[in-house]
Amino acid sequence: MTTTLRPAGPEERRDDGGRARTYEVCVNSRPVGRISLVTDPRQGLSTGHIADLRIDERDRHRGRGTVAALAAEEVLRGWGCRRIMVDVPAAARPALQLAAALGYTEHSRRMLKELTSPPGLPAGSADRPLGAAEYPAWLSAAHTHFVEAQVANGMPRERAERKSAQDHAALLPDGPATAHQSLRVLTHQGADVGTVWTTTYHPDRPGGYVVDVRVAPEHRGRGHGRTLMLIAERETLAAGRTVLGLNVFVDNPRARGLYETLGYRPTEYSLHKLLL
């Protein structure tokens, strides 16, 4: 039997040059599932994304998904993509095993924690709102931090610069006074040692979300990152939310270890593979 992809509709083109198309997965011309491909809006035109891959129940466990994923790589190569990405729920063990067998590796993971009661802070630590006069310097540092992290994980610098500017403008139109955004400064024994930005409302995510957490270089290695996360939990609960999420890149095992010890669990893995 031959498994192939058959276009399920016309290709979509975005103003920025992006492309998207859905295909039927067929066995001897018989539809057995669907796969949707897009150029990744987060990473740029050189990165393709499997937005959805579904095989009908009766046709699963026969290699249909494997062949469809390999055929998707050929489509994306034809689009000029040099990398392919896919997001897989942590509970989808067969899909994770398939991805690993096809050579995908972890790029980042999304993690979530259910919150119950506001945690206390360590002795000598306290937090306060980020002041309006402090905001420009904080924003400049946040922009630099975001760009460098994205570039290190494969995003073209020009796109990272543009995305940072757009995201910060959209999420913080009124600076530290923006509704549903919490910008807090951690002090320890009277000295400012770090900041945490928590959004307490996002239409695409439940609960709160840690957007940015940073400890000043001269204060690292003293447990302040953990304290900043406790502040984020308190801010989320104060806003009436009971879960807190975040994203962590694979090249940051220290942060991932911290989140695990605080009780965060993976909910979704972002996987990638180079298209040679």
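Notes on the structure in this doc start here. Since this is a predicted model, take the numbers as computed values, not measurements.

Another point: unusual backbone geometry. A positive phi angle is found at Ser 29, which is not glycine, with a value near 75°. Secondary-structure assignment places Ser 29 in the loop between strand 3 (19-27) and strand 4 (30-39). Of note, Gln 189 is a non-glycine position whose phi angle comes to about 50°, a positive value. In this structure, Gln 189 sits in the loop between strand 9 (181-188) and strand 10 (191-199).

Moving on to helix 5 (residues 224-238). Here helix 5 is 15 residues long and its end C-alpha atoms lie 21 Å apart, about the 21 Å a rise of 1.5 Å per residue gives. Restricting attention to buried positions, one finds in helix 5 the residues His 224, Gly 225, Thr 227, Leu 228, Met 229, Leu 230, Ile 231, Ala 232, Glu 233, Thr 236 and Leu 237. Two residues or fewer after helix 5 comes Gly 240, characterised by a positive phi angle close to 85°.

Another point: the nonpolar core. Within the largest apolar cluster, 27 residues are counted, with the highest numbers of intra-cluster contacts made by Ile 35, Leu 37, Tyr 104 and Leu 271. When contributions to this core are tallied by element, the ones reaching two or more residues are strand 3, strand 4, strand 5 (47-55), helix 1 (64-78), strand 6 (83-89), helix 2 (93-101) and strand 13 (265-274). Top contributing element to this core by residue count: helix 1, with five residues. Those residues in contact with Tyr 104 that sit more than four places away from it in its chain are Ile 50, Glu 73, Ile 84, Val 86, Ala 99, Leu 271, His 272 and Lys 273. Met 229, Leu 230, Leu 262 and Tyr 264 belong to the second largest nonpolar core, which has 20 residues in total.

Parameters and conventions
Residues numbered from 1 in each chain as written. Predicted model: local features only at pLDDT ≥ 70, side-chain atom pairs only at ≥ 80, totals over all residues. Heavy atoms only, no water. Helix = DSSP H or I, 4+ residues; strand = E, 2+ residues; numbered from the N terminus. Expected span 1.5 Å × (residues − 1). Buried < 20%, exposed > 50% of the residue type's maximum accessible area, 1.4 Å probe, protein only. Core = buried A, V, L, I, M, F, W, Y, C linked by side-chain atoms within 4.5 Å. Contact = heavy atoms within 4.5 Å.

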